[in-house]
Amino acid sequence: MFIEKMLSSNIQSLDAAIDGIALGSAANASRRSFIKMSVGGAAGIAIVPGVALAQGSTAAAPKPGQKPTEQPAAFITIAKDGTTTILCNRMDMGQGIETALAMICAEELDADWSKVNTAFGNQRGNYVDPAMGMHLTGGSNSIKNSYTQYRELGARTRAMLIAAAAKEWKLDATALTAANGVVSGGGKRLGYGQLFDAALKESVPESVVLKDPKSFKIIGKPTSLKVSKEKATGSQKYGIDVKLPGMLTAVVLRPPVFGGKLKSMDASAALKVKGVRAVLPVDLDRGAKGVAVIADGYWPAKLGRDAIKLEWDNAGVAKADNTALLAQYRELAKTAGLQAPGDQYKADLSALANAPKKLSAEFVFPYLNHAQMEPLACTVDLKANACSVYTASQMPGVDAAAIAKATGLSPDQVNIHVQMAGGGFGRRAVPTSEYVIEATNVAKAYAATGKRAPIKVVHSREDDVKAGYYRPFTLHRAEIGYDNEGKIVAWDHKIVSQSILKGSPFEAFLVKAGVDGTTTEGMREPYSIPMQLSVHHPQINVPVLWWRSVGSTHTAFVMETLLDEIAAASNKDPVTYRMGLLADDARGKRHKETLQLAVEKSGYGKKQLASGMHWGVAMHESFESVVAFIVEAGVKDGKPVIGAVTASLHCNFCVNPRTVETQIQGSALMALATTQENHAITLKDGVVQQSNFHDFPMPRITDMPNIAVHIVPSNDPPKGVGEPGLPPFAPALANALRRATGKPLREMPFKLA
Amino acid sequence: MIRFQVNGKPASVDADPSTPLLWALRDNLDMTGTKFSCGMALCGACTVHLDGQPIRSCSTPISAVAGKNITTIEGVNADRIGKAVQDAWVVNDVAQCGYCQSGQVMSATALLKRTKKPTDAEIDAAMAGNLCRCGTYTRVRAAIKAAATAIA
């Protein structure tokens, strides 16, 4: 029922759905038109049913005319003592969405905030993104797509509580009011907890009147995470902490080259390790074959793995190598690639040859590991006719569909219990469901021995660093012509980067004319520049994935450092220069407001900087939010010195300023990491060279700059903030350092020497 | 069987003596508040106290803690300073994903036990071994200062 409904849903909602999946928004205009085309054809729809099927079965049958995502009973429970639990339809990886959605719901519910707590839903129909039709945490979409949904859920429940009280007291509902978890009227009062059971029997209102934002008491106020105490006292459980009765723990020995296969194995020593239950060959991602060591706990499993003697078969497996990759990418960038779709990328380049001034630049960005603090973990309880999975997944609907396929179970028999994540940054949103399917295969292999137990597969840090699914290694080549006033007359640009989405269920939505939208997002927009953009997508034997802010991790750096160079070469102030490239439309206005706020708060152009310190400016829109950074930085003893950092953000209406601040600060630090020495994944002869935090280092407290975050006031519908803070930080820093050294930085991590 | 004290209570673990204290706590004693992240004493997520000193439990075999007193995130609130640090962590909204925060709290508590009113440089030195990928360091500093004020 729901499935048919979803598949026959109108183009508009599916359009919004797919637009929501887009982990980027810079090319929205062209993307929307593309989406309509692809949804109109079979290709667009063909992908969705598998996911829809896995998510389609719902806990509560939808009422006529209403969707599962609109059912209060699936989201809100109120205990007799008034304790109110609000279920989150996302995975929380530190962005605080479980608190933000609860705030939104509690506001319209008029709940007593002190009695509200939070929990997670599963992958099924109630908990899908109402716009996307799938449970996905990514693309900075959660607030954007669930703001109205959670307000309505709260308002519907409030109306049902009032209706129940009216019935109980034999009064007209209009004579009653609700506030702070209590319904009152006619001299009577009842707490929500006393009314909730009766309220659930009331019909769900088709439409509700939402509050005037001026009367908000919770939304928009700086609010602590509901799980702050749990996280400070160690009682918060994460995916890696799951423990089920009789559960075993497994580690997997994976081939050192992606796609390698097990040739021969001597497991005798491993099987002698106390606590080791089984050593089994297991099918892995990309056709690889490895070994699972299943034991009573992590340490015996690890000791068992260390004791295995084996040989790998790499026949027919391509061995990626950074030296060769760089040469290959450089060669590719000499020729035009696939034309990027969209009129903004099809400029006439005839003015380039005779331009008064020219700038030619190459940029190189490495593979990057997400390095979330909690290594990947997935617990699978596989039974003959059911499969329960416990993991912190950003796409449990996709994963459930893949599990159903891998196990031969029906989608209804798969249930994913979404867990709190110790960081994610995109690594837990895997279109191939790689680590979830691996854990499923381990459970299958164990079941094939005639035994059954829930098995938790735990990745070591080394496993996690070496597993692939990196931000793609990317090369940009720009040839720019401009006049003596700094006006750009022609910009010829090429990007060489593996496609993240080709071959994935998202290809139909986000790859157009062979060009992956996640490669080009963030190019050119919103500046009025005559640009010709083409893309090469080489096929390399290294799995790649979206990584916090995706394409904008490199496109923002390229755009914002090149524009800054041209401004400087033309004796233009970098702020004035950018302002001059922005249109007078709504989008341009949003950018101007953002940059202006950073200018005012930083004292840019007014404050005298210490000797050797320089201003660095950059701005970028991603996921429909605009962020500007103004950084004070210089170089001392060959190393960057960072002074005050000012960030400004336009995310429309801000739901929780307390967490928005941390998202911007955290994004900036993640961006700072990308500039720091050795923060790169490299391959030699097919083998990843890094393994842990000593050779893939991360910023420490001593690296943390003081970052002031300022939010542009707005009452427009809220947008996301999980990613947009990342892209503009590194170019702002690079621009300051270029002023200090006179040399542009065009490689990540930075090489200042 | 290796015996030691955890949060003031006797504990015994029947495991290979090379087993890191981290895994004895997590798998044998069902205390998952102490976190695994690097396994090489590089990130501090697994920090516990051994006779009051901060150690990396991922790289400390249980053979080395026989007869010793271990304090973990689950028990650090029994100490006035540990409680003050946890309270400051909540008030200052330090955690984002929170995965590293058990270790951060244990390192901060050890710092304040040694140095009642740490300077910025002392905070940096004491906390530099604790990685946070979410970038909570600004609030880590603020919370340590708040806890220092609370215990003064």
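Residues numbered from 1 in each chain as written. Chains lettered and ligands numbered in written order. Predicted model: local features only at pLDDT ≥ 70, side-chain atom pairs only at ≥ 80, totals over all residues. Heavy atoms only, no water.

Caption draft 1: Structural context of the overall build of chain A. From N to C terminus, chain A includes 22 helices and 28 strands. For 753 residues, the compact-globule estimate of 2.2 N^0.38 gives 27 Å, and chain A sits close to it at 27 Å. Dimensions of chain A, computed from C-alpha atoms along their principal axes, come out at roughly 80 × 70 × 50 Å. Counting all 753 residues of chain A, 64% fall into the buried class. In chain A, 78% of the contacts between residues at least 6 apart in sequence involve partners at least 24 apart. (Helix = DSSP H or I, 4+ residues; strand = E, 2+ residues; numbered from the N terminus. Rg over C-alpha atoms; globule rule 2.2 N^0.38 Å. Buried < 20%, exposed > 50% of the residue type's maximum accessible area, 1.4 Å probe, protein only. Contact = heavy atoms within 4.5 Å.)

Caption draft 2: How the structure looks around the domain arrangement of chain A. Residues and elements named next belong to chain A. Here chain A is described as being made up of domain 1 (58-229), domain 2 (239-311 + 376-458) and domain 3 (335-368 + 470-741). Of note, the centres of domain 1 and domain 2, computed from C-alpha atoms alone, are 36 Å apart. Opposite the 17 residues of domain 1 that make contact, domain 2 presents 21 residues. Both faces considered, domain 1 and domain 2 share a buried interface measuring about 1300 Å² in area, 59% of it formed by carbon and sulfur atoms. (Domains from an automatic or database assignment. Buried area = accessible area lost by both parts, 1.4 Å probe.)

Caption draft 3: Looking closely at the nonpolar core. With 215 residues, the main nonpolar core has Tyr367, Trp491 and Phe629 of chain A together with Trp89 of chain B as its most contacted residues. With 8 residues, the top contributor of residues to this core is helix α14 (residues 434-448) of chain A. (Core = buried A, V, L, I, M, F, W, Y, C linked by side-chain atoms within 4.5 Å.)

Caption draft 4: The domain arrangement of chain B, seen in detail. Residue and element names in this part refer to chain B. The domains assigned to chain B are domain 1 (2-71) and domain 2 (77-151). Taking only C-alpha atoms into account, the centre of domain 1 sits 21 Å from that of domain 2. Taken together, the two surfaces of domain 1 and domain 2 that pack against each other cover about 1000 Å², and 56% of this comes from carbon and sulfur. Scanning the region where domain 1 abuts domain 2 turns up 0 salt bridges. Our count for the domain 1 to domain 2 interface comes out at 6 residue pairs in polar contact (both at pLDDT 80 or more). Of all the elements, strand β3 (residues 47-50) adds the most residues to the side of domain 1 that touches domain 2, at 3 residues. The class makeup of the residues in the side of domain 1 that touches domain 2 is 6 nonpolar, 6 polar and 2 charged. (Salt bridge = Lys/Arg side-chain N within 4 Å of Asp/Glu carboxyl O. Polar contact = N/O pair within 3.5 Å; in protein donor to acceptor, adjacent residues only side chain to side chain. Nonpolar A, V, L, I, M, F, W, Y, C, P; charged D, E, K, R; others polar.)

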